[in-house]
Amino acid sequence: EDFTAPYSKTKEEIARILKEEGYLWSFEKVGEGARAQLKSKPRYAGNTPALKNVKRVSRPGLRRYVGCEDIPKVLGGMGIAIVSTPKGIMAGHTARKHNLGGELLALVWRRGALTEIFNTAKSCRVSVESRSVSPRRWRSTSREAARSR
């Protein structure tokens, strides 16, 4: 299913970033002048669209500006931040690489990212709990090893 929105240069740049990052198959400008529309085709993972979670951060009532070191890593790299910099609108990792800050427009992550993080955490917890030696014993063993050196 395609979706459309009123055209603007900012929306076109955001759509370009989403296409580069794999959230959209394609986008195009339809029409001319004031009636122009931006038509986008989302990428699907099975029957669900990859572009499911978008959070607008900076808004007209409260703008949010960040330096290059303050650009957030969305879900530990499972998503992207979209930043408006003096060199144009770009993904957060690109702005960080070019040492640019700017206005933090939005955070985008794919649909199953939180589920994958929780599943990974559960599998790590199970592997730690399945050990026969308790965590207290691990500490004493490492102390004994340090004493013997």
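Residues numbered from 1 in each chain as written. Predicted model: local features only at pLDDT ≥ 70, side-chain atom pairs only at ≥ 80, totals over all residues. Heavy atoms only, no water.

**With respect to unusual backbone geometry**
Part 1 of the reasoning: Phi is positive for Leu75, which is not a glycine, with a value near 50°.
Part 2 of the reasoning: For Leu75, the location among the structural elements is in the loop between strand S7 (65-66) and strand S8 (79-85).
Part 3 of the reasoning: You will see that Asn99, though not glycine, has its phi angle at about 60°, which is positive.
Part 4 of the reasoning: Considering the arrangement of structural elements, one finds Asn99 in the loop between helix H2 (92-97) and strand S10 (102-110). (Helix = DSSP H or I, 4+ residues; strand = E, 2+ residues; numbered from the N terminus.)

**Some thoughts on the pairing of strand S9 (residues 88-91)**
Part 1 of the reasoning: Inspection of the sheet shows S8 paired to S9 by four bridges, in the antiparallel sense. Paired with Ile82 across the bridge in S9 is Ala91.
Part 2 of the reasoning: Between S8 and S9, which pair antiparallel and follow one another directly, the connecting turn spans two residues. (Pairing = 2+ DSSP bridges.)

**What about the layout of surface pockets?**
Part 1 of the reasoning: There is about 400 Å³ of room inside the largest pocket.
Part 2 of the reasoning: Around the largest pocket sit 20 residues that line it, and Lys11, Ile14, Leu18, Val54 and Ala106 are the ones nearest its centre.
Part 3 of the reasoning: Here the element with the most residues in the lining of the largest pocket is helix H1 (residues 9-20); it accounts for five residues.
Part 4 of the reasoning: Its residues placed into classes, the lining of the largest pocket shows 13 nonpolar, three polar and four charged. (1 Å grid on protein atoms, 1.4 Å probe; cavity = no way out; pocket = protein on both sides within 12 Å on 5 of 7 lines; lining within 4 Å. Points joined across faces, edges and corners; volume = space filled by probe spheres on them. Nonpolar A, V, L, I, M, F, W, Y, C, P; charged D, E, K, R; others polar.)

**With respect to the sheet that holds strand S3 (residues 37-42)**
Part 1 of the reasoning: The antiparallel open sheet is built from three strands, whose spatial order is S1-S3-S2. Every other strand in the sheet has two partners, leaving strand S1 (3-6) and strand S2 (24-30) as the edge strands with one partner each. Recorded for the sheet is a direction-independent mean angle of 20° between the axes of neighbouring strands.
Part 2 of the reasoning: Where S1 meets S3, four bridges bridge the pair, whose relative direction is antiparallel. Note on S3: the bridge partner recorded for Phe3 is Ser40.
Part 3 of the reasoning: Across the sheet, H1 is in contact with S1, S2 and S3; its angle to S2 comes to roughly 160°. (Axes fitted to C-alpha atoms, helices over the stretch in contact; angles between N-to-C directions. Contact = heavy atoms within 4.5 Å.)

**Concerning the nonpolar core**
Part 1 of the reasoning: Counting 13 residues, the largest nonpolar core has Ile17, Leu18, Tyr23, Leu51, Ile80, Ile82 and Val108 as its most contacted members.
Part 2 of the reasoning: Counting residues per element, the ones that place at least two in this core are H1, S8, S9 and S10.
Part 3 of the reasoning: Of all the elements, H1 adds the most residues to this core, at three residues.
Part 4 of the reasoning: Counting twelve residues, the second-largest nonpolar core is a separate cluster that includes Val74, Ala81, Leu100 and Trp109. (Core = buried A, V, L, I, M, F, W, Y, C linked by side-chain atoms within 4.5 Å. Buried < 20%, exposed > 50% of the residue type's maximum accessible area, 1.4 Å probe, protein only.)

**As for the packing of aromatic side chains**
Part 1 of the reasoning: In total, this model carries zero aromatic pairs according to the counting rule given.
Part 2 of the reasoning: Lying across the ring of Tyr7, Lys29 places its NZ or CZ 4.5 Å from the centre.
Part 3 of the reasoning: The ring centre of Trp25 lies 3.9 Å from the NZ or CZ of Arg43, which sits over that ring. (Phe/Tyr/Trp six-rings, centres within 6.5 Å; stacked < 30°, edge-to-face > 60°. Lys NZ or Arg CZ within 6 Å of the ring centre and 35° of its normal.)

**Looking at the confidence of the model for the protein chain**
Part 1 of the reasoning: For the protein chain, mean pLDDT is 80; residues scoring 70 or higher make up 74% of the total.
Part 2 of the reasoning: In this model residues 126-139 is a low-confidence stretch, pLDDT under 50, and it forms four contacts with partners more than four residues away in sequence or in other chains. (pLDDT = per-residue confidence, 0-100.)

**A word on the pattern of salt bridges**
Part 1 of the reasoning: Enumeration over the complete set of coordinates arrives at four salt bridges.
Part 2 of the reasoning: The residue Glu103 makes a salt bridge to Arg63 at a minimum N-O spacing of 3.2 Å. You can see Glu103 sitting in strand S10 and its partner Arg63 sitting in the loop between strand S6 (51-56) and S7, a full 40 residues away along the chain.
Part 3 of the reasoning: A relative accessible area of 13% means that Glu103 is categorised as buried.
Part 4 of the reasoning: When salt bridges that share partners are traced, they join Glu13, Arg16 and Glu20 into one network. (Salt bridge = Lys/Arg side-chain N within 4 Å of Asp/Glu carboxyl O.)

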